[in-house]
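# Commentary on secondary and tertiary structure
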Amino acid sequence: MPVEVKICGLSTPETVDAAIAAGADLVGFVFYPRSPRNVSLQQAAALAARARGKARIVTLVVDADDALLQSIAAEVRPDLIQAHGTETPARIAEIARLTGKPVIKAIRVKDDADIAAAADYSTVASLILYDAKAPETLGNALPGGNGHAFDWGLLEGEQRPAFILAGGLTPENVSQAIRVTGAPVVDVSSGVESAPGVKDIGLIRKFIEAAKSAR
């Protein structure tokens, strides 16, 4: 089966439309004020309306409180919630209960121990997303979207439940990343931007083409 592609951090109608036209399977909207990709509830609701029925809608949150989660569920009506903070397994279960939506749990990866930690979420998260842990030398690092990759070899050669691969993916390296990890879903944000938070339609198309033709 072709790899599925998630384009995350979309914030304009033009880029949502372009991602869907190019074959994106999932589109992501970020709720995190420190991120250059942050959107309001009203923005996300309007963007989600353009995508509904054409791609699955994902809303990314970082240690969000109950009020925000319930507002997102009611106003944006996503297909999935992506928890990209320090949420515990118990909190992931609570997010699923509060919103009535399946939850993607992002795991920041540097070494084998981080991969192993994903097992703690196996019964409460619908999907695990492996992202790169930001280098300690990176000032003002975000929970995701920093443009750094981790060692894909950490995921090589082991059968695991369906997962999403993220972190430093670009149109140039996504095919190799898929071959090494066997990822069924890939996620890109900064790798298809011309500047932080500014999606490039040409790069979106190239990324999706490269991912869909991999294997």
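You'll find the structure just up there.
Calculation notes
The numbers attached to residues start from 1 for each chain and follow its sequence in the written order. Local features are withheld for residues below a pLDDT of 70 in this predicted model, meaning they are given only at 70 or higher, and side-chain atom pairs are given and counted only at 80 or more; totals for whole chains, interfaces and linings count all residues. To obtain the side-chain values, all non-hydrogen atoms of the structure were used and water was disregarded. Here, strands pair whenever DSSP counts at least two bridges between them. The numbering of helices and of strands both runs from the N terminus, where a helix is a DSSP run of H or I of at least 4 residues and a strand a run of E of at least 2. Only the stretch in contact is used when fitting a helix axis, every axis being a line fitted to C-alpha atoms; angles between N-to-C directions are given from 0 to 180 degrees. Classification of residues uses two cut-offs on accessible area relative to the type maximum, computed with a 1.4 Å probe and protein chains only: under 20% is buried, over 50% is exposed, and between them is partly exposed. Here, a salt bridge means any side-chain nitrogen of Lys or Arg that lies within 4 Å of a carboxyl oxygen of Asp or Glu. Here is the rule: rings of Phe, Tyr and Trp (six-membered ring for Trp) pair when centre to centre is within 6.5 Å. Planes less than 30 degrees apart are stacked, more than 60 are edge-to-face, and the remainder are tilted. Think of it as a cone above the ring: NZ of Lys or CZ of Arg counts as a charge over the ring if it is within 6 Å of the ring centre and within 35 degrees of the ring normal. To be clear, the arc concerns the directions from the helix axis to the C-beta atoms. It only takes one pair of heavy atoms within 4.5 Å for two residues to be counted as in contact.

### Some remarks on the pairing of strand β1 (residues 4-7)
When β1 meets strand β8 (residues 185-188), the two strands line up parallel, connected through four bridges. Bridging across to β8, Lys-6 finds its partner in Asp-187. Direction of pairing for β1 relative to strand β2 (residues 26-31): parallel, over a ladder of two bridges. By the bridge assignment, Ile-7 is partnered in β2 with Val-27.

### Brief notes about the sheet that holds β8
In a beta sheet, neighbouring strands pair by backbone hydrogen bonds and run either parallel or antiparallel. Overall, parallel pairing links the eight strands, which are arranged β1-β2-β3-β4-β5-β6-β7-β8 in a closed barrel. For this sheet, the mean inter-axis angle between neighbouring strands, taken without regard to orientation, is 25°. By the bridge criterion, three bridges tie strand β6 (residues 127-132) to strand β7 (residues 163-165) in an arrangement that is parallel. Across the sheet, residue Leu-129 finds its bridge partner in β7, namely Ile-164.

### Some details on unusual backbone geometry
Not every positive phi belongs to a glycine, and Asp-63 is a case in point at roughly 50°. Checked against the element boundaries, Asp-63 lands in the loop between β3 (56-61) and α3 (66-75). Residue classification places Asp-63 among the partly exposed positions, given a relative accessible area of 42%. In this structure, Arg-77 is a non-glycine residue whose phi angle is positive, near 55°. Under the relative-accessibility criterion, Arg-77 is labelled partly exposed at 46%.

### A closer look at the pattern of salt bridges
Per the stated rule, a full pass over the model turns up ten salt bridges. Arg-37 is the partner of Glu-193 in a salt bridge, and the nearest nitrogen-oxygen pair spans 2.7 Å. One end of the pair, Glu-193, is in strand β9 (residues 193-195); the other, Arg-37, is in the loop between β2 and α2 (41-51), and 156 residues separate them in sequence. Considered together, Glu-193 and Arg-37 belong to a single accessibility category, that of buried residues. Residue Lys-133 pairs with Asp-114 through a salt bridge whose shortest N-O separation is 3.1 Å. With a gap of 19 residues between them, Lys-133 in the loop between β6 and β7 and Asp-114 in helix α5 (residues 112-117) connect regions that are remote in the sequence. Classification of Asp-114 as buried rests on a relative accessible area of 14%. Ionic contacts of the salt-bridge type, sharing partners, join the residues Arg-37, Glu-193 and Lys-199 into one network.

### Here we look at the packing of aromatic side chains
Applying the stated criterion to the full structure yields one aromatic pair. The interplanar angle of 70° and the centroid separation of 5.6 Å between the aromatic rings of Tyr-130 and Phe-163 together place this pair among those described as edge-to-face. Separated by 33 residues along the polypeptide, Tyr-130 in strand β6 and Phe-163 in strand β7 bring together distant segments of the chain. Above the face of the Tyr-121 ring, Lys-105 is positioned so that its terminal group lies 5.6 Å from the ring centre.

### Some remarks on α3
Those residues of α3 that sit buried are Leu-69, Ile-72 and Ala-73. Angularly, the buried residues of α3 cover 95° about the axis, an arc narrow enough to put them on a single face. Against the buried residues of α3 lie β2, α2, β3, β4 (80-83) and α4 (89-99). Positive phi appears at Arg-77, one or two residues downstream of α3, with a value of about 55°.

### Topic: the side chain of Ser-175
Structurally, the position occupied by Ser-175 is in helix α6 (residues 174-181). Residue classification places Ser-175 among the buried positions, given a relative accessible area of 18%. Excluding anything up to four places from it in sequence, Ser-175 contacts Ala-210 and Ala-214.

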